Amino acid sequence: MAPLAETGPSIPPPSIGRPDERPDPAPPWHALDTHDVAARVGSPADGLDAAEAAARQAKYGPNRLTPPPRRPAWRRFLTQFDNLLIHVLLVSGAVALLLRHWTDAAVILGVVLINAVIGHVQEDKAEQALEAIRNMLSPQAVVLRDGHAVTLPAEELVPGDRVFLASGDKVPADLRVDRAKGLLVQEAALTGESAATAKAPPAVAADAALGDRAGMAYAGTMVAQGQGTGIVVATGDATEIGRIGHLLASVAPAATPLLVQMGRFGRWLTGGILLLAAATFAFGRLVHGEPWQDMVLAAVGLAVAAIPEGLPAVMTITLAVGVTRMARRNAIIRHLPAVETLGSVGIICTDKTGTLTRNELVVQTIVTADGAYAVGGSGYRPEGEIRRDGRLVDPAQDLGLTELARAALLCNDAGLHRDADGDWQLAGDPTDGALLALAMKAGLEPAEELGRCPRRDAIPFESERQFMATLHHDHAGHGILVVKGAPERVLALCERERRAGGGVAIDRARWTTITGDLAGRGQRVLALAMRRSPIGPSELILDSLDEGLELLGLCGLTDPPREEALRAVAACRDAGIRVAMITGDHAATAAAIARTFGLGGGLGGGSGGGSGGGVITGPELDRLDEAGFAAAARANSVFARTTPEHKLRLITALQAAGNTVAMTGDGVNDAPALKRADVGVAMGRNGTEAAKEAAAMVLADDNFASIVHAVEEGRTVYDNLRKTILFLLPTNGAQAVVILAAVMTGTLLPITPVQILWVNMVTAVTLGLALAFEAPEPGVMARPPRPRDEPILSGRLVRRMLLALVLLVAASFGFFYFHRLQGDGVAVARTMAVNALVVGEIFFLLNARSLHRADLSPRGVFASRPVWLSIALMALLQLAFTYAPPLQALFGTAAIDATAWAAMIAVGLGLFLVVELEKWATGR
């Protein structure tokens, strides 16, 4: 037995870099003749013997994907606390404990623990992407061992094994095909192509794209039709699926814009609060000579007042509200921050098959010698009009059309049936399914036609021949030969073409031109031919097929675009979002779909030259250096014949140019890019489990239009987060400034630390939550995406916050000192100060409902039910705070009269009008 060559399966998989940087100089398997492959991998014709198989198993390991080492659960849980906002919350809890405010401390620490548990669970789900890929290997395989075919667990396969393939099998390892009979393999999970790929032994070019390697069958793909054998050339981690698994494991998910911004905001806020607390302590001790214990308590009270401890919880709730809204619109969010990230998306990189298109082949065009026909309908539903020159055609009155449809039905191995929901389902090859649907649209019934013309023999489709032939006979003994296949091959077999008046000599040049025209529109072209003979032969003889064949016509098949996706892409353009198509399909097909959707132009992030909207292929990208690759990523919007590495590098290049990128996909080949994108979007119905687990969002209806709805919700969530921050910071800041001002002036505190904790707690569970439920503002999808580095609060909003803070502080101080001057006790004055602050917050909440638009209309003021429910709840709590004896004793409050309430409401209304006036003035 030949030894296993070290240059074979032990070669590491290619790196992501350029071809000239890859470590493997040997020709790839698909570029080698099968005899050379057998010699290189050590594969005897009668299979490996048991001893050699065991030795190779010991050397190469089992045929399964190696799981990466995982961090212990306790360490993954602890990392959930490694976030500055969580640190702020922990400090808030510690402060509450120091002040012996047990309830507030329990609430704060509870929020921290809940956030940690949610993050831990989500991380576990994200890491299941690798598990999904590992489960894609076949559980069993039929292998030639010791000269006999035996069934073994797939994990026992080793390089050099010879594997048998049959229709319905999952390919168990990477195989170099050495025999094939009608072998078609569905590779959509790896290449994105709708149609099954014909496999054949001949070698192809070394730089052939993955979808063009006819001599390879890759692990995890499905045999759609035919039979074959293959030599195992890679197992486990060395397979194409294994390489994608390694690629996925090496991809670090991108930090979302919200987390980046909140991290920056949290650092700024924490530093400012600590500095302010330290300054308060120092000023009281050094200037006024206050006891250090009092100043520690004052500094702690200021920190408690200033820290918006409810912000992380409110942020989580706001995102959760967005998740719920998106779920109603068929967008399932798996990672909470992705909700907001959708709102900042500037580029959507989408797969073609199943996302922009239906992933269902359909005959769109028919050309006979008498004319061209347009076929309506969608998917495999046998319903749709057939028109010629815009006029509806009755197939029963058009003999040429009926003959072509009958040939499409007879030379066909597919079946169509209705499921329990009434939807039409395909059993068999998608191309055959499209032809069968065409025949049924033409009024032909499969059972009736096959009963009239039963099949006697067949030559299955093989890539060497490029055609399929079937032999039928009618009940009078006449023979009917039908051939379908690649136009160039079928045209070569035909002597005549069918016209309405009978057969005439074929015009091959004309048909070749028509074929090129259909292919240029992105259609897959098939030719159909027929021969009738008075005496039917009993079997098909390959050498006699060209005797008397008449060409019936051509069929142009396409994977049609989704109507809703057409509208959604147009909506993206209106929202300033660019759409790029990254597909493993052929360049001509990608170009045709791009024209349909109006995709073109560069993707931004700087000038990059290039064709500006042409189609660039994976092999062309491989020939570029890093700078050229980045320029091509920016300059083009359609990328064809791409591999998982190309998709990952394209996403990374676009992100490096400052773009927030969403990526859609459904195949295993999409998983690394889905994980790397700012928002990975997987298809829920037809997507692989690997894609779903790597994505941050799953579309329940596989509809590109749902992404646009999700973007709208994402923009709304971000607006609501900004509104919440706009509301919380000045209200918390006002409490801190009240304490700061009292320390600086050496006067009595208008609000005590325990009263501040009350206001913080009740505001967090009432007013602070209300803005999370706000509806989208008008024109939310008419504005461009925000830049990644845009601050959460613009200068205009910061000025509004300072204005509100000054007004709130003035109201609280004003009422406190007014009542002290009137001779009221400290308890009454502080009760007025607290309630004046709360009433001001309530009116400012109404201001915060709109970021930029002043709206004093009843609809603008009263439209939000959650806001008014929160105001009502807050009012009840403040009444209890003011009048309930237990709370009076706990917080040091006293009862006040109706006149006091009227005065506070009047001041609050004044605050509301001043802020609305500022909106109107700056909005002009």
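See the structure printed just above.
Here goes a summary of the coordinates provided. Here the structure is a predicted model, which means the values were calculated and not measured.

## A few points about the sheet that holds strand β23 (residues 578-582)
Point 1. The strand order across the open sheet built from eight strands is β8-β28-β27-β26-β9-β23-β25-β24, with neighbouring strands paired in mixed fashion. The open sheet terminates on both sides in strands that have one partner only, identified here as β8 (331-333) and β24 (615-617). Direction aside, neighbouring strands of the sheet carry axes that sit 20° apart on average.
Point 2. Where β23 meets strand β25 (residues 638-640), two bridges bridge the pair, whose relative direction is parallel. Looking at the pairing, Ile582 lines up with Phe639 of β25.

## Things to note about the packing of aromatic side chains
Point 1. Summed over all chains, the structure comprises seven aromatic pairs.
Point 2. When the centroid spacing of 5.1 Å and the interplanar angle of 20° are considered together, the rings of Phe862 and Trp868 count as stacked.
Point 3. For Phe862, a relative accessible area of 54% gives the class exposed.
Point 4. By relative accessible area, which is 30% here, Trp868 ends up partly exposed.
Point 5. Look at Phe881 and Phe891: their rings are 5.5 Å apart centre to centre, the planes differ by 45°, and that puts the pair in the tilted class. One end of the pair, Phe881, is in helix α32 (residues 865-883); the other, Phe891, is in helix α33 (residues 885-891), with ten residues separating them in the sequence. Exposure class is identical for Phe881 and Phe891. Each is buried.
Point 6. Counting every residue linked through ring pairs, the aromatic cluster contains Trp758, Phe881 and Phe891.
Point 7. Taking NZ or CZ as reference, Arg510 lies 5.0 Å from the ring centre of Trp511, over its face.

## So, the pattern of salt bridges
Point 1. Scanning the model with the defined rule gives 35 salt bridges in all.
Point 2. The salt bridge involving Asp719 is made with Arg783; its shortest N-O contact spans 2.7 Å. Of this pair, Asp719 sits in helix α26 (residues 704-745) while Arg783 sits in the loop between α28 (767-770) and α29 (795-821), and the two are 64 residues apart along the sequence.
Point 3. As a salt-bridge pair, Arg800 and Glu918 come within 2.9 Å of each other at their nearest N and O atoms.

## Details of the packing of α26 against helix α30 (residues 826-848)
Point 1. Relative to each other, α26 and α30 sit at 160°, their axes nearing to 10 Å. The angle between the axes of α26 and α30 places the two elements in the roughly antiparallel class. Of the two possible hands of crossing, α26 and α30 adopt the one that is right-handed. Packed against α26, whose contacting residues are Lys723, Leu726, Phe727, Pro730, Thr731, Ala734 and Gln735, the element α30 presents Leu837, Glu841, Phe844, Leu845 and Ala848 at the interface.
Point 2. Taken together, the residues of the contact of α26 with α30 break down into eight nonpolar, two polar and two charged.

## Considerations on the side chain of Lys647
Point 1. Topologically, Lys647 is positioned in helix α23 (residues 644-656).
Point 2. The exposure class of Lys647 is buried, given its relative accessible area of 1%.
Point 3. Setting aside residues no more than four positions away along its own chain, Lys647 makes contact with Asp351, Ile582, Thr642, Met663, Asn669, Asp670 and Ala673.

## Section: the packing of α30 against helix α34 (residues 898-923)
Point 1. Closest axis-to-axis distance for the α30/α34 pair is 8 Å, and the angle between their directions is 35°. The handedness of the crossing between α30 and α34 is right-handed. Counted together, Met832, Asn835, Ala836, Val839, Gly840, Phe843, Phe844, Leu846 and Asn847 of α30 and Ala900, Trp901, Met904, Ile905, Gly908, Leu909, Leu911, Phe912, Val915, Glu916 and Lys919 of α34 form the full contact between these two elements.
Point 2. Across the contact of α30 with α34, the residue classes tally to 14 nonpolar, four polar and two charged.

## Observations regarding the nonpolar core
Point 1. Ranked by size, the top nonpolar core spans 71 residues in total, and within it Phe727, Leu845 and Met904 carry the most contacts.
Point 2. With 14 residues, α30 is the single largest residue contributor to this core.
Point 3. In this structure Leu845 touches Phe727, Leu767, Ala770, Leu771, Val867, Ser870 and Ile871, once residues within four positions along its chain are discounted.

Cut-off values and rules
Counting starts from 1 at the beginning of each chain's written sequence and moves along it residue by residue. In keeping with the model being predicted, local features are shown solely for residues with a pLDDT of at least 70 and side-chain atom pairs are shown and tallied solely at 80 or more, while totals for entire chains, interfaces and linings include all residues. Heavy atoms from the whole structure form the basis of all side-chain values; hydrogens and water molecules are not counted. Two strands make a pair as long as DSSP finds a minimum of two bridges between them. The secondary structure listing takes helices from DSSP runs of H or I that are at least 4 residues long and strands from runs of E that are at least 2 residues long, numbered from the N terminus. In this analysis an axis means a line fitted to C-alpha atoms, helices contributing only their contacting stretch, and an angle means the value between N-to-C directions, from 0 to 180 degrees. Pairing of aromatic side chains requires ring centres within 6.5 Å, counting the rings of Phe and Tyr and the six-membered ring of Trp. Pairs whose planes differ by under 30 degrees are stacked, by over 60 edge-to-face, and all others tilted. Classification of residues uses two cut-offs on accessible area relative to the type maximum, computed with a 1.4 Å probe and protein chains only: under 20% is buried, over 50% is exposed, and between them is partly exposed. Only when the NZ atom of a Lys or the CZ atom of an Arg is both within 6 Å of the ring centre and within 35 degrees of the ring normal do we say a charge sits over the ring. Salt bridge, as used here: a side-chain nitrogen of Lys or Arg that lies within 4 Å of a carboxyl oxygen of Asp or Glu. For classification purposes, an angle smaller than 35 degrees is called roughly parallel, one larger than 145 roughly antiparallel, one from 65 to 115 roughly perpendicular, and anything else oblique. What makes a crossing left-handed is the near helix being turned counterclockwise from the far one by less than a right angle; a clockwise turn instead makes it right-handed. We call two residues in contact when some of their heavy atoms are within 4.5 Å. In this count, Pro and Cys sit with the nonpolar residues alongside Ala, Val, Leu, Ile, Met, Phe, Trp and Tyr, while Asp, Glu, Lys and Arg are called charged and the others, Gly among them, polar. To form a nonpolar core, buried Ala, Val, Leu, Ile, Met, Phe, Trp, Tyr and Cys residues must be joined to one another through side-chain atoms within 4.5 Å.

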